[in-house]
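# A closer look at the structure
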Amino acid sequence: MIKKKILVTGGAGFLGSQLCEKLLNQGHEVVCLDNYFTGQKQNVVNLLKNPYFELIRHDVTMPFFIEVDEIYNLACPASPVHYQYNPIKTVKTSVMGAINMLGLAKRIRAKVLQASTSEVYGDPEIHPQTESYWGHVNPIGLRSCYDEGKRVAETLFMNYHQQNNVRIKLMRIFNTYGPKMHPHDGRVVSNFIVQALNGEDITIYGNGSQTRSFCYVDDLLEGMVRLMNSREDFIGPVNIGNPGEFTMIELAELVLKLTDSHSKLVFMPLPSDDPLQRKPDITLAKKELGWEPTIPLEEGLKRTIAYFKTIV
Ligand code: NAD
Ligand code: UDP
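How each quantity is defined
- Residues numbered from 1 in each chain as written.
- Chains lettered and ligands numbered in written order.
- Predicted model: local features only at pLDDT ≥ 70, side-chain atom pairs only at ≥ 80, totals over all residues.
- Heavy atoms only, no water.
- Near = heavy atom within 4 Å.
- Polar contact = N/O pair within 3.5 Å; in protein donor to acceptor, adjacent residues only side chain to side chain.
- Areas by Shrake-Rupley, 256 points an atom, 1.4 Å probe, with all protein chains shown as cover.
- Helix = DSSP H or I, 4+ residues; strand = E, 2+ residues; numbered from the N terminus.
- Salt bridge = Lys/Arg side-chain N within 4 Å of Asp/Glu carboxyl O.
- Buried < 20%, exposed > 50% of the residue type's maximum accessible area, 1.4 Å probe, protein only.
- Pairing = 2+ DSSP bridges.
- Axes fitted to C-alpha atoms, helices over the stretch in contact; angles between N-to-C directions.
- Contact = heavy atoms within 4.5 Å.
- Disulfide = S-S within 2.5 Å.

## Concerning the site of ligand 1
- Taken together, the neighbourhood of ligand 1 is formed by 30 residues, with Leu15, Asp34, Thr38, Tyr146 and Thr176 sitting nearest.
- Contact between ligand 1 and Tyr146: an oxygen atom at 2.6 Å from a side-chain N or O atom of the residue.
- Bound to the protein, ligand 1 loses 97% of the 810 Å² it would expose on its own.
- Secondary-structure elements contributing two or more residues to the shell around ligand 1 are helix H1 (14-25), helix H3 (87-108), strand S5 (111-117) and helix H4 (144-164).

## Notes on the pattern of salt bridges
- Under the definition given, this model contains 20 salt bridges.
- Between Arg212 and Asp274 there is a salt bridge, and its shortest N-O distance comes to 3.1 Å. In this pair, Arg212 sits in strand S9 (residues 211-213) while Asp274 sits in the loop between strand S13 (265-268) and helix H8 (283-289), placing the two residues 62 residues apart along the sequence. Of the two residues examined, Arg212 and Asp274, each falls in the buried class.
- A single network of salt bridges, built from pairs that share partners, joins Glu119, Arg143, Arg212, Asp274 and Arg278.

## A short note on the sheet that holds strand S3 (residues 53-57)
- On the basis of which strands lie adjacent, the open sheet formed by 7 strands has the order S3-S2-S1-S4-S5-S6-S11 and parallel pairing. Looking along the sheet, the strands with just one partner apiece sit at the ends: S3 and strand S11 (238-240). Across this sheet, the average inter-strand angle for adjacent strands is 20°, counted without regard to direction.
- Sheet strands touched by H3: strand S1 (5-9), strand S4 (70-73), S5 and strand S6 (167-173). Its angle to S4, the strand with the most contacts, is close to 175°.

## Quick word on the state of the cysteines
- In the structure shown here, the tally under the stated rule is 0 disulfides.
- For Cys76, which is in no disulfide, the shortest distance to another cysteine sulfur is to Cys145 and amounts to 8.3 Å.

## Let's talk about the site of ligand 2
- If you check the shell around ligand 2, you find 17 residues, and the closest are Asn191, Thr203, Arg212, Asp274 and Arg278.
- One nitrogen or oxygen atom from the main chain of Val188 is found 2.8 Å from an oxygen atom belonging to ligand 2.
- Side-chain polar atom of Arg212 to an oxygen atom of ligand 2: 2.7 Å apart, as the coordinates give it.
- Considered on its own, ligand 2 offers 520 Å² of accessible surface; in the complex 95% of this is hidden by protein.

All we've got here are geometric facts, nothing functional implied.
In structure tokens:
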């Protein structure tokens, strides 16, 4: 195995912290960069004893200089509650963060992977979503700071690749859940589990018939690392997600069953531009990466509930 030096931006977040751990376990040297907006030092504190791990407080909207072989660019709040808190900052993080990481990659000839999102498809008119679909995004809506920010980031990645030969990988991540999600993250899986465990009402937005496809974190990270290590001329974009599709009512009922909770479902207004349905077509990931998810929702939820039981 070749030992690589790898930079993970957003490395103290839910996905980033577990990616740092996976890369260290594979024998690489990892530099974790984060401004702790939605991430926490706590997520990586267990890695600090490893001499091949380095933690740096830094904001990706500012230039950063380092020598590494690979960059995983994950820095960006992912939960609607957090990315809508300061929308201008969210756009800056996606766009200036991409420019800074691409500029760095160009200078040091590093390979760089962008954590893009199924949100580039917006409220999709085709189902399931394939990578060739251009999306249906409201450019001035509540979610646009995130959606359009991530879309511009994809554009920048392609431009740096075509204009400057930067080695890139574009990954479109669908809803991912698992241990180490912040209990107040605001996304649906953590909300429902925390509410069920605390005996609080389960907050369904809208009538709960909207669908999402939930991927367990271990599956997702395996896809991410396979994409980084894929053949040089495969740059994506590639969907990584679990095609199992569930309504929010189905998710709530499953969480109630697995937590043995008597919490009631309560219905709240649907946030504007909330996508009605979402399900990845993963044909490309199967073909190019030999990847598909292995952990069904029920099993992943059991593991996630076990984690939340230790912290709430
Ligand atoms: P998260 O909020 O837990 O992690 C994001 C991390 O980025 C946090 O540690 C945060 O502090 C850091 N960050 C935010 N702004 C920053 C800045 N300006 N400079 C430096 N660090 C900054 O979210 P996550 O679920 O781990 O998501 C990681 C990445 O994957 C994000 O880019 C997100 O858009 C993408 N993604 C995640 C999902 C999902 O379901 N988890 C789905 C699609 C895309
Ligand atoms: N949702 C919900 N109750 C909650 C949180 C979210 O019903 O407490 C819904 C939300 O309206 C959306 C879906 O769950 O339809 C997924 O929301 P999340 O914030 O997890 O991610 P999104 O896929 O919308 O970015």
